[in-house]
Amino acid sequence: MSVPLAAPVRAGGAASAPAVREGMISLPGGAFLMGNEDGAGFPADGEGPVREVRLRPFRVDAHAVSNAGFAVFADATGHVTEAERFGWSHVFAGFLSGALRRDSPRVAQTPWWCGVKGADWRHPEGPGSSIEDRWDHPVVHVSWNDAAAYARWAGVRLPTEAEWEYAARGGLEQRRYPWGDELTPGGLHMCNIWQGAFPTKNTAEDGHRGTAPVDSFPPNGYGLRNVSGNVWEWCADRFSSSFHLNGPRVDPTGPPSGDSRVLRGGSYMCHDSYCTRYRVAARMGNTGDSSSGHTGFRCAADA
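Here the structure is a predicted model, which is why all the values come from computation and not from measurement.

## With respect to the side chain of serine 267
Along the chain, the position of serine 267 falls in the loop between strand S10 (260-264) and strand S11 (283-287). Within the local environment of serine 267, its side chain forms a polar contact with the backbone nitrogen of methionine 269, the two atoms lying 3.0 Å apart. Sequence-distant contacts of serine 267, defined by excluding residues within four places in its chain, comprise Asn192, Ile193, Gly229, Asn230, Val231, Trp232 and His294.

As structure tokens, this is what we get:
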């Protein structure tokens, strides 16, 4: 595991960064087929074309950074996340009390999201909520800038988008999911996504309505967990739907400028009636200061 899963020791002396970097998975790199052209995604996302990309060897976390791991960082550095500084973050309306739903503004295009005052990584559903029983869940309400600050402290970095997809594929070529092409092989749930009628009823057949522990569900062929569903994960690259059409094919790092950063993997909010971005080739972008209750990250490093 790349981070401790128990609650960190608080008072006195926070753990050093190397203590939370154990267990990164070493990957050999080489050539793989990146992207998707099967029409399952949104054209504006720029999933295609399928192209051969070559990567140097690198290391990657087996799972997303947990609340426990992020707490070690926050205690050691005094880091204040952007959601904490802004005083609010986005929370799924279904997690809120009636009063909070009434008092929190909705996002016009996606009215199931509320801008909740006091929502942050320590209070995922806003005032009155906590992570005391979720130390082993992925940290959420972290922006790209927060994730990058954690990575700098830990002596690592965020994965490039190409590294993320290579690692998420687990050695399988052009499969829809990290485990193959069938969403629930043999009736087995392999990831944490929405079941039921989105956004009104989540039957939680996979065992989770919100986030799941970072080590939930079977790992892919490279040993990574939860690269589909659970939480969106920030990548190092700036987002573009077209730069990669003629961009580098060897260790690509995305466009040199742009306001948005790449997110990968989908989340517990994904459902095939609305968003099939839990597919391994799916992608989207958001501004680097954005945060929400379904966005986290994992880290990578040079080999």
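## Here we look at unusual backbone geometry
That bond from glycine 48 to proline 49 is cis: its omega, 0°, falls within 30 degrees of zero. Of note, the bond from phenylalanine 198 into proline 199 is cis; its omega dihedral lies within 30 degrees of zero at 0°. Position of proline 199 among the secondary structure elements: in the loop between strand S7 (196-197) and strand S8 (201-202). Positive phi values are uncommon outside glycine, yet asparagine 226 reaches one of about 60°. Structurally, asparagine 226 can be placed in the loop between S8 and strand S9 (232-238). A positive phi angle, near 45°, is found at aspartate 251, a position not held by glycine.

## A closer look at the confidence of the model for the protein chain
With 93% of its residues at a pLDDT of at least 70, the protein chain reaches an overall mean of 93. Predicted confidence is poor over residues 1-16, with pLDDT under 50, and the contacts of this stretch with residues over four places away or in other chains come to 45 contacts.

## Observations concerning the environment of leucine 183
With respect to the secondary-structure elements, leucine 183 resides in the loop between helix H5 (161-169) and S7. C-alpha separation for the pair leucine 183 and arginine 279, spaced 96 residues apart in sequence, amounts to 9.4 Å. Once residues lying within four places of it in the same chain are set aside, the contact partners of leucine 183 are Tyr177, Leu188, Met190, Cys191, Ile193 and Tyr278.

## Quick look at the layout of surface pockets
In this structure, the largest pocket spans a volume of roughly 580 Å³. Contributing to the lining of the largest pocket are 30 residues, with Trp113, Met284, Asn286, Ser292 and His294 lying nearest its centre. Mapped by element, the contributors of at least two residues to the lining of the largest pocket are strand S5 (88-92), S9 and S11. Top element by residues in the lining of the largest pocket is S11. It accounts for four residues. Broken down by class, the residue content of the lining of the largest pocket amounts to 14 nonpolar, 13 polar and three charged. If you add up the space inside the second largest pocket, you get close to 180 Å³. Along its surface, the second largest pocket is lined by 18 residues, and Pro124, Glu125, Arg134, Gly210 and Thr211 are the ones closest to its centre. The residue makeup of the lining of the second largest pocket, split by class, is nine nonpolar, six polar and three charged.

Reading the values: rules and limits
- In every chain, residue numbers begin from 1 and rise along the written sequence.
- With pLDDT at 70 or above as the cut-off, local features in this predicted model cover only qualifying residues; side-chain atom pairs require 80 or more to be listed or tallied, and sums for whole chains, interfaces and linings still use all residues.
- Hydrogens and water are ignored here; the side-chain numbers use all heavy atoms of the structure.
- A run of DSSP states H or I qualifies as a helix once it reaches four residues; a run of E qualifies as a strand once it reaches two. Both are numbered from the N-terminal end.
- The definition of a polar contact used here is a pair of N or O atoms within 3.5 Å, where within protein one atom must be able to donate a hydrogen and the other to accept one, and adjacent residues in sequence count solely through side-chain atom pairs.
- Every residue pair with non-hydrogen atoms within 4.5 Å of one another is taken to be in contact.
- The pLDDT score gives, residue by residue, the confidence of the prediction method on a 0 to 100 scale.
- Cavities and pockets were defined on a 1 Å grid built from protein atoms only: a cavity is a group of points that admits a 1.4 Å probe but offers it no way out, a pocket is an open group of points flanked by protein on both sides within 12 Å along at least five of seven lines, and a lining residue is one with an atom within 4 Å of any such point.
- Grid points are joined across faces, edges and corners, and a volume is the space filled by probe spheres set on the points.
- Each residue gets one of three labels, nonpolar for Ala, Val, Leu, Ile, Met, Phe, Trp, Tyr, Cys and Pro, charged for Asp, Glu, Lys and Arg, and polar for the others, Gly among them.

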